[in-house]
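Structure assessment
The chain contents come next:
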Amino acid sequence: MILTGCEGDEPGVQMNLYSLGQGPWPHPALMGNVKGLQDPYRNPTTQQGFAERWGQNAAMVTSFADGSKISFEQSIVANATGFKVLKRGMSRGQQYTGDVLKIGELYDVEELRRLGGAIDYVVGTPPPRCCLAEHPDPKQQHYLSLYKMGLDHSILSSIPYHLVHFEAPNAIARAVLFRDATTNRSAVP
């Protein structure tokens, strides 16, 4: 039996980025997400109009807006990678509207190293899934700097979209054909 998350939604997208760091790429230090909005006071009544407009369930879209869904998703990533949560509730509601390539400035790289990696999310724009990573080799650090990706750490990659309706079949095919789970604890080295 294969237990897995799905490509196209946050945990699967982040785990695909994490997988890049298992080879010669920079090593992941932070798996993150940037939400477009968060309002802890949203509820199914306030979300009813939005839900009806898009043919969705009001309780489900409430979880998108109030922060509960992203907290659950980041927990999946933490469990799959073995990364730690920086603080209870993560950076719940912390605003960030700067350049996604500079989002690493929000974090203490020494703390990330000490923890063996962490997960987090912030609220702002743009809303990508991202992987803050570093490479121990000074030569690779030089080239990361040359390519405007940072000095000792960088955004390994970010994916500014998630298209579950197109990407979910990839997760199903990986699980069925290759017995490869998108999100599972075996990703931990």
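I will try to describe carefully the structure that is included in this document. (Residues numbered from 1 in each chain as written. Predicted model: local features only at pLDDT ≥ 70, side-chain atom pairs only at ≥ 80, totals over all residues. Heavy atoms only, no water.)

Attention now moves to the overall build of the chain. For the chain, the helix and strand inventory stands at seven helices and six strands. Helices and strands appear in the chain in the N-to-C order α-β-α-α-α-β-β-α-β-β-α-β-α. For a compact globule of 189 residues, the expected C-alpha radius of gyration is about 16 Å, and the chain comes in at 17 Å, within 12% of that figure. Principal-axis analysis of the C-alpha atoms gives the chain an extent of 55 × 40 × 30 Å. With the model as given, the accessible surface of the chain reaches about 10400 Å², and the carbon-plus-sulfur share is 59%. (Helix = DSSP H or I, 4+ residues; strand = E, 2+ residues; numbered from the N terminus. Rg over C-alpha atoms; globule rule 2.2 N^0.38 Å. Areas by Shrake-Rupley, 256 points an atom, 1.4 Å probe, with all protein chains shown as cover.)

The next thing to look at is the side chain of S63. In this fold, S63 is placed in helix α3 (residues 58-66). Within the structure, the side chain of S63 is placed 2.6 Å from the backbone oxygen of M60, a separation counted as a polar contact. Those residues in contact with S63 that sit more than four places away from it in its chain are S68 and K69. (Polar contact = N/O pair within 3.5 Å; in protein donor to acceptor, adjacent residues only side chain to side chain. Contact = heavy atoms within 4.5 Å.)

With that out of the way, let us pick up the pattern of salt bridges. For the structure on display, the rule yields ten salt bridges. Residue K69 pairs with D9 through a salt bridge whose shortest N-O separation is 3.4 Å. With K69 in helix α4 (residues 68-81) and D9 in the segment before α1 (10-20), this residue pair connects regions lying 60 residues apart in the sequence. With a shortest N-O distance of 2.5 Å, K69 and E73 are connected by a salt bridge. Here K69 and its partner E73 are both found in helix α4, four residues apart, which amounts to about one turn of the helix. In this structure, a network of salt bridges that share partners links the residues D9, E10, K69, E73 and R129. (Salt bridge = Lys/Arg side-chain N within 4 Å of Asp/Glu carboxyl O.)

Take the packing of aromatic side chains next. Here the structure, examined in full by the defined rule, presents two aromatic pairs. Arranged with centres 5.6 Å apart and planes meeting at 80 degrees, the rings of Y18 and F83 form a pair that is edge-to-face. Linking Y18 in helix α1 with F83 in the loop between α4 and β2 (84-85), this pair joins segments that are 65 residues apart in sequence. For the ring pair Y143 and Y147, a centre distance of 6.4 Å and an interplane angle of 25 degrees mean the geometry is stacked. Y147 gets classed as exposed once you look at its relative accessible area, which sits at 57%. (Phe/Tyr/Trp six-rings, centres within 6.5 Å; stacked < 30°, edge-to-face > 60°. Buried < 20%, exposed > 50% of the residue type's maximum accessible area, 1.4 Å probe, protein only.)

Bringing a nonpolar patch on the surface into the picture now. A contiguous nonpolar patch, built from I172, V176, L177 and F178 and spanning about 490 Å² of accessible area, is present on the exposed surface. Summarising the element assignment, I172 is placed in helix α7 (residues 164-178). Residue classification places I172 among the exposed residues on the basis of a relative accessible area of 54%. (Patch = residues over 30% accessible without salt bridge, like charges linked within 9 Å, V, L, I, M, F, W, Y side chains within 5 Å.)

Time to look at the packing of α1 against α4. Packing of α1 against α4 leaves a shortest axis separation of 9 Å and a crossing angle of 35 degrees. Considering how the two elements wind past one another, α1 and α4 form a crossing that is right-handed. Along the contact surface, α1 presents E10, P11, Q14, M15 and Y18, while α4 presents K69, E73, Q74, I76, V77, A80 and T81. Of the residues assigned to the contact of α1 with α4, the class counts are six nonpolar, three polar and three charged. (Axes fitted to C-alpha atoms, helices over the stretch in contact; angles between N-to-C directions. Left-handed = near helix turned anticlockwise from the far one by under 90°. Nonpolar A, V, L, I, M, F, W, Y, C, P; charged D, E, K, R; others polar.)

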